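Chains, contacts and geometry: an overview
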Amino acid sequence: METAAPRVRIQTQDFDVSVETAALRDGDLGVGAVASFVGTVRERGHPAAGEPVSAMQLEHYPGMTEKAIEAMIDAASARFDIRGARVVHRVGRLLPGEQIVLVAVTSAHRGQAFEACEFIMDYLKTHAPFWKKETTPSGERWVDARVADDEALARWGIEASNAAGGR
């Protein structure tokens with residue numbers, strides 16, 4: 001059972017996890033579990049780089065990004081017994097410690113909610129059209145896809161070869 005609020009939002013402003021999860025489950029008395037994931041900007045970029053990050057710039061392709069994430073939620077709904085899902089993803093300039101993404105899922109039972117939340121996040125990391133640029137003492141650099149993200153999605157039986165060194 002889906003709420004009237006949009007399932008996907010791309011925005012520059014921060015989000016409130018409590019407000020988002022309350023809106024997701026609003027009026028649905030069949031919800032027995034809410035699982036959520038919040039990603040934040042780390043003070044250090046990807047481990048291979050190792051430099052401190054002073055800012056991260058996230059860009060996306062409007063329209064295409066929302067459509068891709070909607071398809072991910074549809075895939076999770078087909079695979080897991082969930083009642084609703086929401087993804088809020090920020091774009092623009094973000095600083096270490098700031099929230100980037102929220103994935104929230106409701107279900108009658110916790111197992112399905114946890115699995116669907118993880119599935120959507122794994123899918124999001126490899127298939128959503130976002131581009132990240134980190135600002136470090138050495139300058140700015142685009143963040144490449146990681147083999148570990150492709151491997152995380154593969155455990156769900158979905159192939160991705162976004163990272164260098166991938167297929």
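Attention here is on the structure that accompanies the text. Numbers given to residues run from 1 along each chain, matching the order in which its sequence is written. At least 70 in pLDDT is required for a residue's local features to be given in this predicted model, at least 80 for side-chain atom pairs to be given and counted, and no such filter applies to totals for whole chains, interfaces and linings, which use all residues. Side-chain descriptors were evaluated using all non-hydrogen atoms of the structure, hydrogens and water having been removed beforehand.

1. As for the sheet that holds strand 1 (residues 8–11)
- In this scheme, strands are said to pair when DSSP sees at least two bridges between them. Labels follow the DSSP assignment, with helices taken as runs of H or I lasting at least four residues and strands as runs of E lasting at least two, numbered in each case from the N terminus. Here 4 strands make up an open sheet; going across it, the order is 1-4-6-2 and the pairing mixed. Of all strands in the sheet, those bounded by a partner on one side alone are strand 1 and strand 2 (33–40). The sheet shows a mean angle of 10° between the axes of neighbouring strands, direction not considered.
- Two elements, strand 4 (residues 82–90) and strand 6 (residues 99–107), share 7 bridges in a ladder whose sense is antiparallel. Across the sheet, residue Arg86 finds its bridge partner in strand 6, namely Ala104.
- Here a residue-residue contact requires only that any non-hydrogen atoms of the pair lie within 4.5 Å. Structural elements are reduced to axes, namely lines fitted to C-alpha atoms, with helices fitted over the stretch in contact, and the angle between N-to-C directions of any two is expressed from 0 to 180 degrees. Those strands touched by helix 1 (residues 17–25) are strand 1, strand 2, strand 4 and strand 6, and its axis lies near 30° from that of strand 6.
- Contacts from helix 2 (residues 64–79) reach strand 1 and strand 4 within the one sheet, and its direction differs from that of strand 1 by about 150°.

2. Side note on the sheet that holds strand 5 (residues 92–94)
- A sheet is described by the order of its strands in space; here 4 strands give the open sequence 5-3-7-8, paired in antiparallel fashion. In the strand order of this sheet, the two ends are held by strand 5 and strand 8 (139–142), each with one partner. The mean inter-strand angle of the sheet, taken between neighbouring strand axes irrespective of direction, is 25°.
- In this sheet, strand 5 lies alongside strand 3 (residues 55–60) in antiparallel orientation, the contact comprising 3 bridges.

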